[in-house]
Amino acid sequence: GGELLKFIRGNKENFAVSGLDKPMGNNLRIYTNDEAEKLYVLDLDNTRLVALKKTGEYLSQYLNSSLGNVTSFAVDEKQNKAYFVLGSKILQIEL
């Protein structure tokens, strides 16, 4: 499956994802920022959004068959929503 790597100031850090029910696919997109509490991984191969602690521990996942066709996404933690671009449409999921 796909591999997530963590870098701090250009140096590779140890990072492992734990607690998933099945491994990540090969086609992944990641969303986080300095203010976000979580790391969000869009697993296109398994049509799911996975929420992780920034230490790699599994928190939750959201399954939707449309997620395999997403080209871009963003998360608004304050509103507990994720937004996905599907062609000319936007899909919103409550987190």
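Conventions we followed
- Residues numbered from 1 in each chain as written.
- Predicted model: local features only at pLDDT ≥ 70, side-chain atom pairs only at ≥ 80, totals over all residues.
- Heavy atoms only, no water.
- Pairing = 2+ DSSP bridges.
- Helix = DSSP H or I, 4+ residues; strand = E, 2+ residues; numbered from the N terminus.
- Axes fitted to C-alpha atoms, helices over the stretch in contact; angles between N-to-C directions.
- Polar contact = N/O pair within 3.5 Å; in protein donor to acceptor, adjacent residues only side chain to side chain.
- Contact = heavy atoms within 4.5 Å.
- Salt bridge = Lys/Arg side-chain N within 4 Å of Asp/Glu carboxyl O.
- Buried < 20%, exposed > 50% of the residue type's maximum accessible area, 1.4 Å probe, protein only.
- Core = buried A, V, L, I, M, F, W, Y, C linked by side-chain atoms within 4.5 Å.

Re the sheet that holds strand β5 (residues 48-53)
Spatially, the 4 strands line up as an open sheet ordered β3-β4-β5-β6, and their pairing is antiparallel. Here the strands that pair on one side only, and so sit at the sheet edges, are β3 (28-31) and β6 (58-63). Pairwise comparison of adjacent strand axes, ignoring direction, gives a mean angle of 20° for this sheet.

A few points about the environment of T32
The residue T32 is located in the loop between β3 and β4 (38-43) in this model. Along the backbone, T32 and E77 are 45 residues apart, and their C-alpha atoms lie at a distance of 10.0 Å. For T32, the side chain forms a polar contact with the main-chain oxygen of K38, separated by 2.8 Å.

Details of the sheet that holds strand β7 (residues 72-76)
With antiparallel pairing, 3 strands are arranged side by side in an open sheet as β7-β8-β9. A single partner strand is all that each edge strand has here, and the edge strands are β7 and β9 (89-94). In this sheet, adjacent strand axes meet at a mean angle of 20° when their direction is disregarded. Sheet topology note: the β7/strand β8 (residues 81-86) ladder contains 5 bridges and is antiparallel.

Section: the environment of K81
Within the secondary structure, K81 sits in strand β8. As for K81 and E94, which are separated by 13 residues in sequence, their C-alpha atoms are 4.6 Å apart. For K81, the contacting residues outside a window of four places in its chain are A74, V75, D76, Q92, I93, E94 and L95.

A word on the pattern of salt bridges
One pass over the structure, following the stated rule, counts 4 salt bridges. R48 is the partner of D43 in a salt bridge, and the nearest nitrogen-oxygen pair spans 3.0 Å. Each of the two residues, D43 as well as R48, counts as buried. Salt bridges linked by common partners bring D21, D43 and R48 together as one network.

Digging into the side chain of S60
Assignment of secondary structure puts S60 in strand β6. A distance of 3.3 Å separates a polar atom in the side chain of S60 from a polar atom in the side chain of Y62. Residues in contact with S60, not counting those within four places in the same chain, are L49, V50 and A51.

Concerning the nonpolar core
The nonpolar side chains of a soluble globular protein tend to be buried with one another. In terms of nonpolar packing, the biggest core is built from 13 residues, with Y40, L42, L49, L67, V70, F73 and F84 touching the most fellow members. Residue contributions to this core peak at 3 residues, all from β8. In this structure V70 touches L42, L44, F84, V85 and L86, once residues within four positions along its chain are discounted. Core analysis: the second largest hydrophobic core is formed by 7 residues, L4, V41, V50 and L52 among them.

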